[in-house]
Amino acid sequence: MDNLIIAGKPYHSRLLVGTGKYKDFVQTRAAIDASGAQIVTVAIRRTNIGQTAGEPSLLEYLPPEEFTYLPNTAGCYSADDAVRTLRLARELLNGHSLVKLEVLGDPRTLYPNVTETIAAAKVLVKEGFDVMVYTSDDPIIAKQLEDIGCSAVMPLASLIGSGMGILNPWNLQIIIENAKIPVLVDAGVGTASDAAIAMELGCQGILMNTAIASANNPILMASAMKKAVEAGREAYLAGRMAKKLYGAAPSSPITGLID
Amino acid sequence: MQITINGNSRNFESNEMTIAGLILALELAGKRLAIEHNGEIVPRSQFDAVMLQNGDQLEIVGAVGGG
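Residues numbered from 1 in each chain as written. Chains lettered and ligands numbered in written order. Predicted model: local features only at pLDDT ≥ 70, side-chain atom pairs only at ≥ 80, totals over all residues. Heavy atoms only, no water.

1. Considerations on the pattern of salt bridges
Note the cut-off: One speaks of a salt bridge when a side-chain nitrogen belonging to Lys or Arg is within 4 Å of a carboxyl oxygen belonging to Asp or Glu. Here a strand is any run of E in DSSP of at least two residues, a helix any run of H or I of at least four, and the numbering for each starts at the N terminus.
Summed over the entire model, instances satisfying the criterion amount to 11 salt bridges over all chains. One salt bridge connects Arg-233 of chain A with Asp-2 of chain A, and the closest N-O pair in it is separated by 2.9 Å. Highlighted residues: Arg-233 of chain A in helix α9 (residues 218–238) and Asp-2 of chain A in the segment before β1 (4–6), separated in sequence by 231 residues. Where Glu-59 of chain B meets Arg-46 of chain A, a salt bridge forms, and the shortest distance between an N and an O atom there is 2.8 Å. Of this pair, Glu-59 of chain B sits in strand β5 (residues 57–65) while Arg-46 of chain A sits in strand β4 (residues 39–46), on two different chains. Because the salt bridges share partners, they merge into one network encompassing Asp-2, Arg-14 and Arg-233 of chain A.

Structural data, given as structure tokens:
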């Protein structure tokens, strides 16, 4: 079985999905079912006081017994805020240690602040968290995050929510080649072919939210992403043919032609 | 007593309230929550034991949809 192993735990799905930006929880659930994802990201936010009685919660639609929750630090702009958020997440989810660390640099680009990310990763690893870390596609930073003890490194393909696809496949390839921990593309995937290309490069998995949630038909796109991730993974494992400017080797026999 | 919850100041008639009592008063019983009390996370098992005091700061958080 070709499993994705994160922090010692196997997952048959290599597609991780976010739970934001959907029309409602019914659509969230349907899209996640269609994606086949086992790991779903959630945000940690202040509870609405006074408006919560009887209000449905995400947890009812995505029971934590059925999915692996990946609490994230989206919206955090400092190491301190990120660490604080994930400590609360661990308490919220009964000691759950698998987390997504993301420290942003500015609200316009949502580009990661790698110095704050590194500072937070050091604290979190020391405190026993299994850290899947969102970062830039800088191979040196990716290696540093691995050396700190992160469980997976997750470079962006392009900016969060941009849907621009993989802007620097060469950097991703260098990161993948150097890494001994899983490399997942997180952010920037726009459509199925982007996901397939990332997997063909040798990524161990992909994390996405907007590409599915902002599609005209999120459920159909979730299904497309599932297939793209599987297809890209199989193509990577199969090993592609070499690219040649001139093939000069037809697929049909060159003898026995009718004169 | 006055307590700041998620950045908003609230007044309570009672001056003797635990975190568990506050959760009931806010109609949050049964919700999956994590609570920070004056900057320190309070384990769920301690909700009954921690007494609130005038001027306390609380953060009450939950999981919501997100990427």
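2. With respect to the interface of chain B and chain A
Think of interface size as the accessible area that goes away when the parts come together; that is how it is often given. Filter applied, for reference: We call two residues contacting when some pair of their heavy atoms lies within 4.5 Å. A 1.4 Å probe defines the accessible area here, and the buried area is the portion of it lost by two parts on being joined, summed over both. By the criterion applied in these results, polar contacts are pairs of N or O atoms within 3.5 Å in which, for protein atoms, one can donate a hydrogen and the other can accept it, and in which residues neighboring in sequence qualify only through two side-chain atoms. In this classification, the charged set is Asp, Glu, Lys and Arg, the nonpolar set is Ala, Val, Leu, Ile, Met, Phe, Trp, Tyr, Cys and Pro, and all remaining amino acids, among them Gly, are polar. For two strands to pair, DSSP has to find at least two bridges joining them.
At the interface, 26 residues of chain B touch 29 residues of chain A. Per-residue buried area on chain B facing chain A is highest for Arg-32, Ala-63 and Gly-67 of chain B; these three make up 25% of the total on that side. Here chain B and chain A share two salt bridges between them. Summed over the shared surface of chain B and chain A, the number is 14 residue pairs in polar contact (both at pLDDT 80 or more). Elements with a contribution of two residues or more to the side of chain B that touches chain A: β3 (34–37), β4 (40–42) and β5 of chain B. Broken down by element, the side of chain B that touches chain A gets its largest block of residues, seven residues, from β5 of chain B. Among the residues forming the side of chain B that touches chain A, the class breakdown is 13 nonpolar, six polar and seven charged. With five bridges joining them, β4 of chain A and β5 of chain B adopt antiparallel strand pairing. Note that in β5 of chain B the partner of Ile-44 of chain A across the bridge is Ala-63 of chain B.

3. Observations concerning the pairing of strand β8 (residues 152–155) of chain A
All names here are of chain A. We count it as follows: In this scheme, a residue with accessible area under 20% of its type's maximum is buried, one over 50% is exposed, and one in between is partly exposed, where area comes from a 1.4 Å probe on protein chains only. Note on handedness: a clockwise path from strand one over the helix to strand two, with the strands aimed away from the viewer, defines a right-handed crossover.
Burial along β8 is two-sided: the residues Ala-152 and Met-154 and Val-153 and Pro-155 are all buried. When strand β7 (residues 130–135) meets β8, the two strands line up parallel, connected through four bridges. Paired with Val-133 across the bridge in β8 is Val-153. With respect to chirality, the unit in which β7 leads through helix α5 (residues 139–148) into the neighbouring parallel β8 is right-handed.

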